[in-house]
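Commentary on secondary and tertiary structure
In case you want the letters, here they are:
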Amino acid sequence: MWVADVMTRAVITLSAKMTLEQAAERLVEKGISGAPVVDDQGRLVGILSESDLLRQLKRVAEESVGKRYLTESVHSLALLTFLSETHPGAVDEVYRKLRATPVADAMTKRVETVKPTDTLETVAAVMIQHDVNRVPVVEGNRVVGIVTRTDLARVLAQGRKDVPRL
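Residues numbered from 1 in each chain as written. Predicted model: local features only at pLDDT ≥ 70, side-chain atom pairs only at ≥ 80, totals over all residues. Heavy atoms only, no water.

**Notes on the environment of Val111**
Among the structural elements, Val111 can be located in the loop between helix H6 (103–106) and helix H7 (120–130). Residues Val111 and Leu48, spaced 63 residues apart in sequence, show a C-alpha to C-alpha distance of 9.9 Å. Those residues in contact with Val111 that sit more than four places away from it in its chain are Leu44, Gly46, Ile47 and Pro136. (Helix = DSSP H or I, 4+ residues; strand = E, 2+ residues; numbered from the N terminus. Contact = heavy atoms within 4.5 Å.)

Okay, here's the thing in structure tokens:
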């Protein structure tokens, strides 16, 4: 079975110029946890996932309030919980900065990809080796589809005889 047989062809993409607020709204609206990021010409330039959003939150928290409050024993995300009770203005500032951050600053720039003609074994190996939940399917530098772990689970659940052993 080939990637083209299971990939989602109507790919939701994000622009590198969007803010994280706009990107998060799109992800929530579409019920997805990540999406490829494309430039103005539609070329793949990165991928943004919920994990990237959390990493960016940690960075912004450390930059915004870390210098004043962080110690080696206090994690920046734990600090946000503490500050929300003691210094709500500081937390508001962190989230304001986070929402205004361009997608380009938070996205993962090195993206693992597959081709429509690759096998399911290939895409499964990429997901396992690189610990990713989704892999864009590209032809040239254009995104033509996406395969998620859910797509692979769906294939296995269907019990098709031609499903390769993963």
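Okay, back to it.
**As for the side chain of Gln56**
Here Gln56 is to be found in helix H3 (residues 50–69). We classify Gln56 as buried; its relative accessible area is 8%. Residues contacting Gln56, with those up to four places away along its chain left out, are Leu20, Leu98, Thr101, Asp105 and Ala106. (Buried < 20%, exposed > 50% of the residue type's maximum accessible area, 1.4 Å probe, protein only.)

**Thoughts on helix H8 (residues 149–158)**
Listing the buried residues of H8 in full gives Asp151, Leu152 and Val155. Buried residues of H8 fall within an arc of 100° about the axis and therefore sit on the same side. Those residues of H8 hidden inside the fold are in contact with helix H1 (3–6), H7 and strand E5 (142–148). (Arc of directions from axis to C-beta.)

**What to know about the layout of surface pockets**
Empty pockets left among the atoms are what a rolling probe the size of a water molecule brings to light. Estimates place the volume of the largest pocket at around 320 Å³. Along the walls of the largest pocket sit 17 residues, with Ser49, Asp131, Val132, Asn133 and Arg134 positioned nearest its centre. Put simply, the parts of the chain that give the lining of the largest pocket at least two residues each are strand E3 (44–49), H3 and strand E4 (134–139). Ranked by residues supplied to the lining of the largest pocket, first place goes to H3 with four residues. Partitioning the lining of the largest pocket into residue classes produces four nonpolar, six polar and seven charged. One number sums up the size of the second largest pocket: a volume of about 270 Å³. Forming the walls of the second largest pocket are 17 residues, and the residues nearest its centre are Ile32, Gly34, Arg134, Ile146 and Thr148. Going through the elements one at a time, E5 and H8 are the ones with two or more residues in the lining of the second largest pocket. Here the lining of the second largest pocket takes four residues from H8, the largest share from any one element. (1 Å grid on protein atoms, 1.4 Å probe; cavity = no way out; pocket = protein on both sides within 12 Å on 5 of 7 lines; lining within 4 Å. Points joined across faces, edges and corners; volume = space filled by probe spheres on them. Nonpolar A, V, L, I, M, F, W, Y, C, P; charged D, E, K, R; others polar.)

**Things to note about the sheet that holds E3**
In a beta sheet, neighbouring strands pair by backbone hydrogen bonds and run either parallel or antiparallel. Taken in spatial order, the three strands make up an open sheet running E1-E2-E3, and their pairing is mixed. Edge positions in the open sheet fall to strand E1 (14–15) and E3, since each of these has one partner strand only. Looking at chain direction, E1 and strand E2 (residues 34–38) are connected through two bridges and run parallel. Counted as the bridge partner of Leu14 is Val37 from E2. (Pairing = 2+ DSSP bridges.)

**A short note on the side chain of Glu112**
Turning to its location among the elements, Glu112 is positioned in the loop between H6 and H7. Among the polar contacts made by the side chain of Glu112, one reaches the side chain of Arg110 at a distance of 2.4 Å. Polar contacts involving the side chain of Glu112 include one to the side chain of His130, which spans 3.5 Å. Other than its neighbours up to four places away in sequence, Glu112 contacts Val126, His130, Val135 and Pro136. (Polar contact = N/O pair within 3.5 Å; in protein donor to acceptor, adjacent residues only side chain to side chain.)

**Notes on the packing of H7 against H8**
Running from amino to carboxyl end, H7 crosses H8 at an angle of 135°, the nearest separation of the two axes being 11 Å. One finds that H7 runs oblique with respect to H8. Of the two elements, H7 crosses H8, and the hand of that crossing is left-handed. Across the interface between the two elements, Leu120, Val123, Ala124 and Met127 from H7 touch Arg149, Leu152 and Val155 from H8. Of the residues in the contact of H7 with H8, the class split is six nonpolar, no polar and one charged. (Axes fitted to C-alpha atoms, helices over the stretch in contact; angles between N-to-C directions. Parallel < 35°, antiparallel > 145°, perpendicular 65-115°, else oblique. Left-handed = near helix turned anticlockwise from the far one by under 90°.)

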